[in-house]
Amino acid sequence: MGIPTRHFDALIIGAGGAGLNAALQLAGADLRVAVVSKVFPTRSHTVAAQGGVNAALANVLPDSWHWHMFDTVKGSDYLGDQDAIEFMCREAIPTVYELEHAGVPFSRLDDGKIYQRAFGGQSQNFGGDQAARTCAAADRTGHAILHTLYQQNIRARTHFFDEFFAIDLVRDAEGIICGALVLEIETGEPLLIESKATLLATGGWGQVFRTTSNAHINTGDGAAMALRAGIPLMDMEFFQFHPTGIAGKGMLITEGTRGEGGYLINKDGERFMERYAPRAKDLASRDVVSRAIVTEVKEGRGCGENGDYVMLKLDHLGEAVISKRLPGIRESSQIFAGVDPVIEPIPVFPTAHYAMGGIPTDRFGRVAMPAGHGSEEVVVGLYAAGECACASVHGANRLGGNSLLDILVFGRLAGKDIIDYVRENPYQRAVDSASLEQAMGRLGRWEQTGDGPTVGQLRADFRKCMEDHAGVFRTEEIMTEGYNKLCELRDRLPEARLTDQSKVFNTARIEALELENMMDVGMSIAVSALHRQESRGAHSRPDHPARDDQTWLKHSLYYREGDRMDYKPVRTKPLTVESFPPKERVY
Amino acid sequence: MKISVYRYNPDTDTKPRMQDYEVKTFQGMMLRDALLEVKKQDESFSFRHSCGEGVCGSDGVNVNGRNVLACITPIGELKAPIEVRPFPGRPVIRDLVVDMTQFYEQYRAVKPYLVCKDPLPEQEILQSPQERDKLDGLYECILCGCCSTACPSFWWNPEKFHGPAALLQSWRFLADSRDQATEERLDALDGPYKLFRCHSIMNCVEVCPKGLNPTRAIGKIKDLMLEKGV
C-alpha cells in the first residue's frame with residue numbers, strides 16, 4: 001500500500017514508567033528500540049503519581065518483602081496472583097535502589113537513606129502495626145521517576161517517536177503480532193513500524209468516567225488494541241475509586257496526606273473512619289475508605305450546601321510538614337479548591353482513579369490468554385506492562401504505592417524478557433496486507449462526511465453513563481440499565497462524523513479514535529461487572545454484599561466479540577513461600 | 001464572556017487570524033476549560049493539554065502577553081478582552097500548537113541525567129537531607145517551555161543559547177551530591193552563547209508556573225565556573 005515503514009527490534013507503545021523502564025533495558029542491551037508516545041514522554045500520566053513507591057527497605061521501621069506480600073495479597077481481596085505478588089515485592093527492593101542510582105531525587109532521612117512514609121493497607125508482621133514502606137520524593141514521586149527514566153533513555157539513545165498515535169497492532173500471515181500502524185499527529189500521515197516484539201505500555205483509562213483523577217490522554221488505547229486483536233481483558237470490573245479527589249473536580253490529593261497524619265471528617269466534625277476501620281482508620285485500603293465516604297454522604301453526613309463531600313483535615317500537621325512533605329497538594333488545593341490546607345480542611349470525594357484489570361500477562365510481561373489446552377498460553381511476540389496490563393498483582397483493589405512499583409518492576413522485566421525473545425527470534429516477520437488494510441480502515445472510517453452525532457457529544461454521554469452506572473456502588477438494576485445505554489451509544493458510534501478533515505495536528509481525529517477505544521474498554525468494565533455477583537475489593541454490590549470465594553475466586557476475561565465472558569483460576573501458590581489463604585478482610 | 005483565539009491551519013489558511021468565541025463561565029473555571037468549550041463549539045480548533053492540574057506541562061500558551069499553563073490559570077483573574085496565542089518565538093504548527101523541537105534539543109544538550117562514575121553501592125547512594133534540599137526548586141521543572149519561550153535571548157539565539165529550562169536542568173545535576181561530571185558539564189557550557197547569553201532579564205522567573213527560578217540557577221552555574229576557573 002506504499003506506507004512508509006520503519007524497522008526495529010522492539011516497539012514500545014507508551015512512554016510512561018513501564019514503557020520507559022522497558023526501553024532502558026533494551027537500549028542498554030544495544031537493541032534497536034522504538035518508543036511511540038502520543039504525547040511528549042514527560043507528559044505521560046506517571047508524572048502525576050504523588051505519594052510514592054513501596055519497597056521493604058526498612059529505612060524507618062523494621063520491614064520485610066514477605067510482610068509487603070501479605071499486605072498486597074490481602075489488599076487484593078485475595079484475587080491477586082500470589083506468584084506475581086511475591087515476585088513484585090521481592091523485586092521492589094533492587095528496583096528502588098536502581099532508580100535511586102539513576103538519579104531519582106528521593107526525600108532523605110537524617111542518616112542519608114531514602115525517606116519512607118506510611119500508606120494505606122501497609123502493615124508490619126502480617127497485619128500488625130502500621131508500616132513505613134512508601135519511598136517518596138516529597139509528593140511528586142511520579143514526576144521524579146518519570147523524568148529520571150526519560151533522562152536515562154536520552155543517555156541510552158532510545159529512539160523516540162513523540163506525538164505519534166498508535167492505530168492498531170498488525171500481524172503476519174500466521175496471525176503473529178509483528179508491529180503496529182501509527183499516525184504522526186503533526187502531519188496526519190500513517191507510518192508502519194515493524195518489530196520483532198511489541199510491548200503495550202499505554203497506561204490506564206480513567207477517562208471512561210466523567211469525574212476522574214486521570215489525564216485527558218488516559219483513554220485505554222492499548223487495551224482496546226488488544227481487544228480488537230482478539231485478546232480478552234482480565235478483571236475489568238475492578239476499577240479503583242481513590243477516596244480523596246478534590247470534590248466535584250477529581251484532581252488527586254495523595255494518600256500520603258493521611259500517611260503524614262491527616263484524617264477525614266464529616267459535617268459533624270466526626271472522624272468517621274474509626275467506625276469503618278477501627279484499627280487502620282484513615283489508612284485502611286482505598287476501597288474501604290471510598291465506600292465509607294460515599295456511605296457518609298448517602299446517610300446525610302456530608303459537608304457543604306448539598307452535603308455531597310467530606311473534609312480532609314491537615315492543618316494540625318503544621319506548615320513545616322506540609323511545605324516539606326506535601327508541597328504539591330498544597331498548591332493543588334489552593335488552585336482548585338481555593339483552600340490552603342495549612343489553615344482549612346480540603347473538600348474531597350472519591351474519584352475514578354486506577355484500573356486493576358487489563359491485558360492479561362504472566363509475570364514476565366508476556367501477554368497470555370486461553371488457547372489450545374491452557375488458560376494461559378503466551379501470545380507470541382506481544383507484551384504488556386503497567387496499568388494497561390494485568391499481571392494480577394492488584395487483584396480486586398490496589399494498595400497505594402504499588403502502582404509505581406508495578407509499572408517499574410514489570411516494565412523492567414518485560415524489557416529483559418524481550419531481549420531474550422529477540423535474540424532467539426532474530427528475523428522480522430512480514431506484515432500481512434489484510435492486517436494492514438484493516439488497521440488503515442480505522443483511519444479511513446473517519447474520512448466519511450455528512451450528518452451524524454459529534455464525537456464530543458457521544459463522549460460526554462458515554463462518560464456520564466459510566467459514572468452513573470458503574471460507580472462505587474453497583475446493583476444489578478443500575479448496571480443493566482447502564483449496559484443497555486452503552487449498547488445504544490456503541491450503536492451510534494458508526495454514525496458519528498468529523499467536521500474537521502484536515503491533516504495537520506488534527507486533535508479532533510485523535511479524540512475520535514480515542515473515543516472508539518474508550519467505548520470498547522468501558523463496555524468491558526460494564527459487562528464484567530454485571531456478571532460478577534459478589535462484592536470484592538473495589539467491586540461493591542449492595543445486592544450481593546458478601547465476598548463469595550466458592551463461586552467467584554476467579555479471574556474474569558472479557559472478549560469484545562459478542563461481549564463474551566470467560567473465567568480462569570487465581571494462582572494462589574507463591575514462588576517460594578506458603579500461600580496466604582483467603583480470610584475475612586478487616587482493617 | 002468573549003475569548004479571542006489565535007487560529008492558523010496550514011492546510012486551509014494562508015495566514016493566521018484571531019477568532020472570537022463566546023464562552024459561558026462558571027465558578028472556578030480555568031483557561032483550559034474555556035479552550036475546551038471553544039473546542040466543543042469548533043472542533044477544528046487545536047491545542048495540547050492533558051493532566052489538567054499543572055503537572056504534565058502540555059498546555060502552555062500565551063494569554064494577554066504572558067506565558068501560562070492554561071489548566072491552572074483561573075479565567076476570573078484574566079483581564080478582558082482575553083487573547084490567547086501560541087508561545088512567542090516558536091514556529092506554529094497549527095492554532096496554539098507550536099514546534100518545540102529546539103527547546104527539547106537544548107534540554108538534551110546539557111546532558112540532563114545523573115552521571116555516577118564510582119562503583120554503585122548495593123543500597124542507595126547516601127545523601128543528607130541538606131544535600132537533598134539543594135535539589136528543591138530544580139527537579140520540579142515540568143518542561144512546559146513557558147520560561148524559554150518568554151526569554152528574549154532564547155528568541156534571538158535558540159540554536160546557540162540553551163535557555164532557562166535547559167540551564168535549570170544543568171544546575172539540577174551540578175547541584176546533586178551524587179553527580180560526578182561537574183567538570184565536563186562546566187566545560188560544555190563554556191563560550192559566549194550557551195550559558196552567558198543570559199542577561200538576567202528574569203522573564204523566566206516571572207512566568208514559571210511552578211515558581212522556579214532559572215535565573216538564580218544560571219547565576220550559580222556562573223559562580224561555579226569562576227570558582228573552578230574554567
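Residues numbered from 1 in each chain as written. Chains lettered and ligands numbered in written order. Predicted model: local features only at pLDDT ≥ 70, side-chain atom pairs only at ≥ 80, totals over all residues. Heavy atoms only, no water.

Each helix and strand counted, chain A has 16 helices and 20 strands in total. A compact globule built from 587 residues would reach a C-alpha radius of gyration of about 25 Å, and chain A, at 23 Å, matches this within 12%. Each principal axis of the C-alpha atoms in chain A carries an extent, and together these give about 65 × 55 × 50 Å. Expressed as a percentage of the 587 residues in chain A, the buried residues total 68%. Nonlocal contacts in chain A, meaning residues at least 24 apart in sequence, comprise 75% of its contacts between residues at least 6 apart. Carbon and sulfur atoms make up 49% of the accessible area of chain A, which totals about 18900 Å². Here chain A carries 63 positive and 78 negative side-chain charges, and the mean point of each set is 3 Å from the other. (Helix = DSSP H or I, 4+ residues; strand = E, 2+ residues; numbered from the N terminus. Rg over C-alpha atoms; globule rule 2.2 N^0.38 Å. Buried < 20%, exposed > 50% of the residue type's maximum accessible area, 1.4 Å probe, protein only. Contact = heavy atoms within 4.5 Å. Areas by Shrake-Rupley, 256 points an atom, 1.4 Å probe, with all protein chains shown as cover. Lys, Arg positive; Asp, Glu negative; His and termini not counted. Charge placed at Lys NZ, Arg CZ, Asp CG, Glu CD.)

Here the focus is empty space enclosed by the protein. Residue and element names in this part refer to chain A. Summed over the entire model, instances satisfying the criterion amount to 11 cavities of 30 Å³ or more. Approximately 760 Å³ is the volume attributed to the largest cavity. Lining the largest cavity are 48 residues; nearest its centre among them are His-45, Thr-46, Gly-203, Asn-218 and Glu-387. Listing elements by their share of the lining of the largest cavity, those giving two or more residues are helix H1 (17–28), strand E2 (33–37), strand E7 (164–171), strand E14 (346–355) and helix H11 (402–424). Among the residues forming the lining of the largest cavity, the class breakdown is 18 nonpolar, 23 polar and 7 charged. (1 Å grid on protein atoms, 1.4 Å probe; cavity = no way out; pocket = protein on both sides within 12 Å on 5 of 7 lines; lining within 4 Å. Points joined across faces, edges and corners; volume = space filled by probe spheres on them. Nonpolar A, V, L, I, M, F, W, Y, C, P; charged D, E, K, R; others polar.)

Another aspect to go through is the pairing of strand E5 (residues 82–85) of chain B. All names here are of chain B. Side chains Ile-82 and Val-84 project from E5 onto a buried face, and the interleaved Glu-83 and Arg-85 project onto a face without burial. Summarising the sheet, strand E1 (residues 2–7) and E5 pair through 3 bridges and their orientation is parallel. The residue bridging Ile-3 from the neighbouring strand is Ile-82, located in E5. (Pairing = 2+ DSSP bridges.)

This part takes up the packing of aromatic side chains. Going through the model one piece at a time under the given rule, you end up with 19 aromatic pairs over all chains. Between B:Phe103 and B:Tyr104, the aromatic rings sit 5.6 Å apart at their centres with planes inclined by 65°, giving edge-to-face as the arrangement. A network of ring pairs unites the aromatic residues A:Phe40, A:Tyr150, A:Phe160, B:Phe103, B:Tyr104 and B:Tyr107 as a single cluster. Above the face of the A:Tyr354 ring, A:Arg398 is positioned so that its terminal group lies 4.0 Å from the ring centre. Directly above the ring of A:Tyr567 sits A:Lys554, whose terminal nitrogen or CZ lies 4.6 Å from the centroid. (Phe/Tyr/Trp six-rings, centres within 6.5 Å; stacked < 30°, edge-to-face > 60°. Lys NZ or Arg CZ within 6 Å of the ring centre and 35° of its normal.)

So, on to the interface of chain B and chain A. Frequently, the measure chosen for interface size is the accessible area that the parts lose on association. If you look at the interface, chain B gives 57 residues, while chain A gives 58 residues. Between chain B and chain A, roughly 4900 Å² of surface is buried when both sides are summed, and carbon and sulfur atoms account for 51% of that area. When residues of chain B are sorted by the area they lose upon contact with chain A, B:Glu43, B:Glu53 and B:Glu124 head the list and together hold 14% of the total. Along the contact surface separating chain B from chain A lie 6 salt bridges. Notably, a salt bridge pairs A:Asp500 with B:Arg94, separated by 2.8 Å at the nearest N-O pair. (Buried area = accessible area lost by both parts, 1.4 Å probe. Salt bridge = Lys/Arg side-chain N within 4 Å of Asp/Glu carboxyl O.)

The next thing to look at is the pattern of salt bridges. Residues and elements named next belong to chain A. Tallied over the entire structure, the rule returns 66 salt bridges over all chains. Among the ionic pairs, Arg-541 bridges to Glu-476, the shortest N-O distance being 3.5 Å. Taken together, the residues span a long stretch of sequence, with Arg-541 in the loop between helix H15 (507–531) and helix H16 (549–552) and Glu-476 in helix H14 (residues 476–492) at a distance of 65 residues. Since its relative accessible area comes to 1%, Arg-541 is described here as buried.

Another aspect to go through is the sheet that holds strand E4 (residues 66–69) of chain B. Residues and elements named next belong to chain B. Read across the open sheet, the 5 strands follow the order E2-E1-E5-E3-E4; overall the sheet is mixed. Two strands bound the open sheet, and with one partner strand each, they are strand E2 (17–22) and E4. Neighbour-to-neighbour, the strand axes of the sheet open up by a mean angle of 35°, direction not taken into account. As judged from the 6 bridges shared by E1 and E2, these two strands associate in the antiparallel manner. Across the sheet, Ser-4 pairs through a bridge with Asp-20, a residue of E2. Here helix H1 (residues 31–41) sits on the sheet and contacts E1, E2, strand E3 (60–63), E4 and E5; the angle it forms with E1, its principal contact strand, is near 70°. (Axes fitted to C-alpha atoms, helices over the stretch in contact; angles between N-to-C directions.)

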